[in-house]
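Chain residues, written in single-letter form:
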Amino acid sequence: MILESVKEALEKMKKHGLQGDVYGMESRNLAYAINKGEVSDISDFEEVGLGIRVRKDGKLGFAYCVPGKEERGVLKAKELSGFSQKLDLTFPSTEKVSKVKNFDERILTVMDGGEGMDLARDMIEAVRDVKDDIVATNGALILYTDSIAVGNTSGTLLEGSSTSLLAGVTATIHGERTSLTASESDCSRRLDIDFRNLGRSSGEKVDSMRESSDTPTSPQTVVMSPDAFSGIFRFTLVPSISGENVRKNKSVYNGKLGESVADGKVNLVDDPTKDWGMGSRAFDDEGLSCTPLPVISDGVLKNFLYDLKEGVKSRTGSTGNGFRGSFKSPPMISDMNLILKGGDSETDAMFPERGVYIDEVMGAHTANPVSGDFSVVANSAWKIEKGQRAGRLDGMMISGNIHECMLRMELGDDHRRTFFRMGPRQIKLELPSVRISGMSVSGG
Amino acid sequence: MTLKKMVDGIVEQGARFCDVRKERWDVNHLVLKDGNVEQMVSGEEEGAMVRVLYGNGWGCVGTSALERLEDAARRALAMAKQNHTFKEEKTGVATINPVTCKEYMPAKIRFEDVSFQEKVSFMKEIHNFLERDWVKSADIIYRDSVVKKEIVNSEGTHVMMEIPRLVTYMVVTGKENGSIQQASEGGGGTGGYELREGAYEKVDTVLDRLRDLLGADTAPSGRLPLIMDHHLTGVFVHEAFGHAAEGDLVTSGNSCLARKLGEMVAGENVTITDDPTFPGYGSFPYDDEGTKARPRILVDGGKLNDYILDRESAWKLGLEPNGGARAEDFRVKPIVRMSNTLMKAGDMKLEELLEDVHRGIYARSSSGGQVSPAQGTFQFNAQVAYLVEKGEITKPLRDVSFSGFTLDTLRKITGITDEMKTGVGHCGKGQSAPVSDGGPQVLISEVTVGGR
Ligand SMILES: [Zn+2]
């Protein structure tokens, strides 16, 4: 159905003598909210819409509308094009796209059958099973599916469907003055999350927080879980690989292609063609076939990310990184499915004789996206003594600079998928635990 | 079928309560980068969400296809029934008086009467004011929106309202001696195009801040006294306190303020309100359950006096709903949110606060923060800070964040100035909500400072 609407909008563009592209989206989002040890409500949302971008006299204009209002959308986009700068942009004509697995029929079956309730309850019960005083106070199970169609006046017409699953739970031990909490989350394109394991893991985590320690003196060797490091990485390093930020001097990577920017073992690749990655997809939201893009190879900076528009401005062409978080957003540069790897140590083997283990950080969005400096609260953290997790650390802050961290970090082998959404932005990052020495810590 | 008939039909099938919130949005979003129009989005959309309470279970279904609304209501009922089957905790919606009313919040200059040309000219003018040798890049973001809402419930409430909002942001990046720094400033409120005027006075503020950042040192770490400017005080009351006062967190075991009503949670000098009727970016006449907005005095002279409540959390606590339910749009159900959160001014001058600081930090403005309301820990950062030595401001500092425990920190407020200012922001709690926050300048005797 969405494909028909995209075709209709393209027809209207041609009728008005315009070039352009159309992005159509039809989606459903079903959420089971968790509160106080049970599912507190169920909510469901369905929508469909079109994002229309036209090029008139070399200028781009954008508008969004619902199916049935295609011509109105095209004319609005045409009107707005008058305000933009001329840009020598050509819409790609894509015939073949990559093959990638990102659709699991079983997720639709669960959505239609209402079985999400059982999965959420499994997760909640597993929390309670750890100890009687541990409760799943917060969390959600979200099932999602969409159909995307992208077409343009150069003859591209692509369609694809995907599914995804997000699950998270916070386990709490209530105390007189303050409560202890620990969270666990997972995401997948298919129905392969072990919900009981997820619940148990958050329960066990909070159970190991009962004893407290004093914040050790700075500096410390810090081991961070994939979740904790992902929080910092997404707000500090990810902005600096955007081609636009590089061109505008808002990235410390400006002029550093080919140079060593990380430890020689570190590899960062944006690979949407990996089967079942959270951001896996056959084509980007501007109709280009997706391919793996090495960003950092063996510590050396290789490539930046570009969409069609920035590809023209930077004279590099698009790398297939045009993304729209919704039909209401014009395309923007985004990583699709980032994978950070380069280590082979098991997490426990990464533990130093003495140091700090951090499972979750708070406030990473306030980091400096230009310089890469960060200063965050370690929300679930433990002291490491004799290579083992000892008492929890309350209110400890860690601070540093991501680019300095990249040079001296060691990566583990415990890869996990993480997903983060903020407005139309989405960051899908697969990464392991990391160990960084010489980290500044304070407080508590 | 009318909305009223639809919700009544659901109640006739055994539901305890049903409401529908229909919304129509008109949005213009413009981005000017380095003086050129980079993004211009104009869109209109409508949709609705139906909520059903059956027994103790909730089902909420939203759709952008209004012709399928009755189907959405039926599905919401089925979901509520499924939820009820597995739910042990009793719940309900506290009583509000049913109202029928139309409330249009005023806009002196309506957005639809202003051409795109004029909006672009305004942004270009701001851009020109921001030009300096050392400013390498300047982005101006402008967004206006008008939402028309219609809320109908099975108890007879029928609220129609219109809320216009405008927000502007300027983000400037500077480079000097190899240092790249960024500063930003936002402005706006609830009202019409006249609100853009506020942006002009922010130009000097943001340039001064960037100038200081370019010459700034890294900050010390440790436990130090902190003086917060007005904007930072706002972020502090929002993050460190406000979230923990949200009724849904209080009733679900996720707040350090649970069961503390009537207790002293701060010094006697501290009064904090959350007030949707105050003219700010987070104002509204009725909340998204159709409850009339009213000021909430959360902390009165140090005593925890009230929570922010929607109908469900009020029911669970045996209190009266006070207009705390807000939804980002028709895609999501209303949850308890802040509106305009303010700390009341005291009687001191900034110089007097400084005098009390032997070695500490004076911090200005913020790009946000985060809180873990159950643990009662918070973090927020300062856009720029200054080292204070023996009562004197000595040098600028960058990349500094603060953290602490809410209940400890509120008791450590030892000085409050006599004038207040507010700022705009977007609060994230799974959904985004436009809010204002602010207050006087405040001295906290000790927080954890994370510098480098
Ligand atoms: Zn907030």
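What you are looking at is a predicted structure, and each value in this text was computed from that prediction instead of being measured.

Criteria and thresholds
- Each chain has its residues counted from 1, following the order in which its sequence is written.
- Chain letters start at A and ligand numbers start at 1, both assigned in the order the entries are written.
- Per-residue local features of the predicted model are confined to residues with pLDDT of at least 70, and side-chain atom pairs are confined, for both listing and counting, to 80 or more; whole-chain, interface and lining totals are unaffected and use all residues.
- As a convention, hydrogens and water are excluded, and side-chain values are obtained from all of the structure's heavy atoms.
- Comment: elements are numbered from the N terminus, with helices defined as DSSP H or I runs of at least four residues and strands as E runs of at least two.
- Partly exposed describes any residue whose relative accessible area lies between the buried limit of under 20% and the exposed limit of over 50%, with all areas from a 1.4 Å probe on protein chains only and scaled to the type maximum.
- Residue contacts are counted whenever heavy atoms from the two residues lie within 4.5 Å of one another.
- Atoms considered for the radius of gyration are the C-alpha atoms alone. The globule rule reads 2.2 Å times the number of residues to the power 0.38.
- When two parts are brought into contact, each loses some accessible area as probed by a 1.4 Å sphere; the total of that loss over both is the buried area.
- Each polar contact in these results corresponds to two N or O atoms within 3.5 Å; when the atoms are within protein, one needs to be able to donate a hydrogen and the other to accept it, and residues that are neighboring in sequence are counted only if both atoms are side-chain atoms.
- Nonpolar core, defined: a set of buried Ala, Val, Leu, Ile, Met, Phe, Trp, Tyr and Cys residues in which side-chain atoms within 4.5 Å join the residues together.
- Pairing between two strands requires that DSSP report at least two bridges joining them.
- Helix axes are fitted to C-alpha atoms over the stretch in contact, other axes to C-alpha atoms as well, and angles between N-to-C directions run from 0 to 180 degrees.
- Nitrogen, oxygen and sulfur within 2.8 Å of a metal are treated as its donors, or within 3.2 Å for sodium, potassium and calcium (Na, K, Ca); water is not counted, so a site can appear incomplete.
- The span expected for a helix works out to 1.5 Å for each residue beyond the first.
- The arc in question is the one traced by the directions running from the helix axis out to the C-beta atoms.
- Within this analysis, patches are made of residues with over 30% relative accessible area and no salt bridge. Like charges are joined at 9 Å or less; nonpolar side chains (Val, Leu, Ile, Met, Phe, Trp, Tyr) at 5 Å or less.
- Methods summary: accessible areas were calculated by the Shrake-Rupley approach with a probe of 1.4 Å, and residue burial reflects only the protein chains presented.
- Here a salt bridge means any side-chain nitrogen of Lys or Arg lying within 4 Å of a carboxyl oxygen belonging to Asp or Glu.
- Here, two cysteine sulfur atoms that lie within 2.5 Å of each other are counted as a disulfide.
- Just so you know, the domain bounds were taken from an automatic or database domain assignment.
- Reported orientations rely on four angle classes, namely roughly parallel under 35 degrees, roughly antiparallel over 145, roughly perpendicular from 65 to 115, and oblique for the rest.
- Helix crossings get a hand from a simple test, with the near helix turned counterclockwise from the far one by less than a right angle marking a left-handed crossing and a clockwise turn marking a right-handed one.
- Residues are grouped as follows: Ala, Val, Leu, Ile, Met, Phe, Trp, Tyr, Cys and Pro are nonpolar; Asp, Glu, Lys and Arg are charged; every other residue, Gly included, is polar.

With that out of the way, let us pick up the overall build of chain A. A count of helices and strands for chain A gives ten helices and 22 strands. Judged by the C-alpha coordinates and their principal axes, chain A covers about 70 × 55 × 35 Å. Counting all 444 residues of chain A, 61% fall into the buried class. Of all intrachain contacts in chain A linking residues separated by at least 6 positions in sequence, the fraction that spans at least 24 positions is 73%.

With that settled, consider the overall build of chain B. For chain B, the count of helices and strands is nine helices and 25 strands. Against the 2.2 N^0.38 benchmark of 22 Å for 452 residues, chain B shows a C-alpha radius of gyration of 23 Å, consistent with a compact globule. The dimensions of chain B, computed from C-alpha atoms along their principal axes, are 70 × 55 × 35 Å. Residues counted as buried form 64% of the 452 residues belonging to chain B.

In many reports, interface size means the accessible area that the parts give up when they come together. Counting from both sides, the interface comprises 72 residues of chain A and, opposite them, 77 residues of chain B. In total, chain A and chain B occlude about 6300 Å² of area from one another, counting both sides; carbon and sulfur atoms represent 47% of this. At the surface where chain A touches chain B, the tally comes to 42 residue pairs in polar contact (both at pLDDT 80 or more). Looking at the side of chain A that touches chain B element by element, the count peaks at eleven residues for strand β2 (residues 38–56) of chain A.

Let's shift gears to the side chain of A:E244. Position of A:E244 among the secondary structure elements: in helix α7 (residues 243–247). Ignoring sequence-local partners within four residues, the contact set of A:E244 consists of A:E310, A:I333 and B:K33.

Let us now look at the nonpolar core. As a rule of thumb, nonpolar side chains are buried together in soluble globular proteins. Core analysis: the largest hydrophobic core is formed by 54 residues, its most contacted members being A:Y32, B:V20 and B:V52. Considering each element in turn, this core owes the most residues, seven residues, to helix α2 (residues 69–85) of chain B. The residues contacting B:V20, other than those within four sequence positions of it, are B:L3, B:M6, B:V7, B:A48, B:M49, B:V50, B:L69, B:E150, B:I151 and B:V152.

Let's shift gears to the sheet that holds strand β20 (residues 416–422) of chain A. Residue and element names in this part refer to chain A. Read from one edge to the other, the open sheet built from six strands follows the order β11-β10-β9-β14-β21-β20, with strand pairing classed as mixed. Edge positions in the sheet fall to β11 (300–301) and β20, since each has one partner strand and no second. Bridge count between strand β9 (residues 267–270) and strand β14 (residues 338–341): four bridges; the pairing is antiparallel. By the bridge assignment for β14, N267 is matched with K341. Along the sheet, helix α6 (residues 226–236) makes contact with β9, β14, β20 and β21 (425–431), crossing β20 at roughly 45 degrees.

Right, let's get into the coordination of the zinc ion. Residue and element names in this part refer to chain B. Protein coordination at the zinc ion: the donors are H238 (NE2), H243 (NE2) and C427 (SG), at 2.1 to 2.4 Å from the metal. All donor residues of the zinc ion come from one chain, and their arrangement in sequence is H-x4-H-x183-C. Taken together, the residues H238 in helix α5 (residues 230–241) and C427 in strand β23 (residues 421–428) connect sequence positions 189 residues apart. Of the two residues, H238 and C427, both sit in the buried class.

On to the environment of B:G188. All names here are of chain B. In this structure, G188 sits in strand β7 (residues 179–190). As for G188 and V424, which are separated by 236 residues in sequence, their C-alpha atoms are 6.7 Å apart. For G188, the contacting residues outside a window of four places in its chain are L166, V167 and V424.

The subject of this paragraph is the sheet that holds strand β24 (residues 432–439) of chain B. Residues and elements named next belong to chain B. Overall, mixed pairing links the six strands, which are arranged β12-β11-β10-β15-β24-β23 in an open sheet. What marks the edges here is a single partner per strand, and that holds for β12 (303–304) and β23. Two elements, strand β10 (residues 272–274) and strand β11 (residues 296–300), share three bridges in a ladder whose sense is antiparallel. Looking across to β11, one finds that D274 is bridged to R296. Across the sheet, α5 is in contact with β10, β11, β12, β15 (340–343), β23 and β24; its angle to β24 comes to roughly 125 degrees.

Within an α-helix, residues lying three or four positions from one another point in the same direction, as the helix has 3.6 residues per turn. Residues and elements named next belong to chain B. An ideal rise of 1.5 Å per residue puts 18 Å on 13 residues; helix α4 (residues 202–214) measures up with 19 Å between its terminal C-alpha atoms. Those residues of α4 lying buried are K202, V203, V206, L207, R209, L210, L213 and L214. Looking straight down α4, one finds that the buried residues subtend no more than 160 degrees of arc, so they occupy a single side. Close packing links the buried residues of α4 with α3 (116–130), β5 (135–153), β6 (158–176), β7, β19 (384–389) and β20 (392–398).

Once that is clear, we can look at a nonpolar patch on the surface. Together, B:L261, B:L317 and B:L319 make up a nonpolar patch on the protein surface, roughly 200 Å² of accessible area in all. B:L261 sits in the partly exposed class, given a relative accessible area of 36%.

So, about the state of the cysteines. Residue and element names in this part refer to chain B. Following the criterion strictly, the structure yields zero disulfides over all chains and no others. In this model C18 remains outside any disulfide bridge; the closest cysteine sulfur is found in C60, 10 Å from its own. A residue is classified by how much of its surface remains accessible, and C18, at 0% relative accessible area, is buried.

Moving on, we come to the domain arrangement of chain A. All names here are of chain A. If you check the domain split of chain A, you get domain 1 (2–207) and domain 2 (212–443). Put simply, the middle of domain 1 and the middle of domain 2, counted by C-alpha atoms, are 22 Å apart. In this complex, domain 1 contributes 52 residues to the contact, which on the side of domain 2 involves 42 residues. On the domain 1 side of the interface with domain 2, the three residues burying the most area are Y23, K101 and R189, jointly 15% of the side's total. In this structure, the connection of domain 1 to domain 2 is made through six salt bridges. Here D359 makes a salt bridge to K205, at a shortest N to O gap of 2.5 Å. Counting across the interface, domain 1 meets domain 2 through 15 residue pairs in polar contact (both at pLDDT 80 or more). Elements with a minimum of two residues in the side of domain 1 that touches domain 2: β1 (19–35), β2, β3 (59–65), β4 (134–152), β5 (157–173), β6 (180–188) and α5 (195–207). The dominant element in the side of domain 1 that touches domain 2, judged by the number of residues it contributes, is β6, at nine residues.

Between its first and last C-alpha atoms helix α4 (residues 116–130) of chain A spans 22 Å; for 15 residues at 1.5 Å apiece the expected length is 21 Å, and the two agree. Listed in full, the buried residues belonging to α4(A) are A:G116, A:M117, A:L119, A:A120, A:M123, A:I124, A:A126 and A:V127.

Our focus in this paragraph is the packing of helix α1 (residues 3–12) of chain B against α2(B). A pair of packed helices can be characterised by two numbers: the angle between their axes and the separation between those axes. Residue and element names in this part refer to chain B. Packing of α1 against α2 leaves a shortest axis separation of 10 Å and a crossing angle of 25 degrees. Here α1 is positioned roughly parallel relative to α2, judged by the angle of their axes. With respect to the hand of their crossing, α1 and α2 are arranged in right-handed fashion. Touching L3, M6 and I10 of α1 are L69, E70, A73, R74 and L77, all from α2. Tallied by class, the residues present in the contact of α1 with α2 amount to six nonpolar, no polar and two charged.

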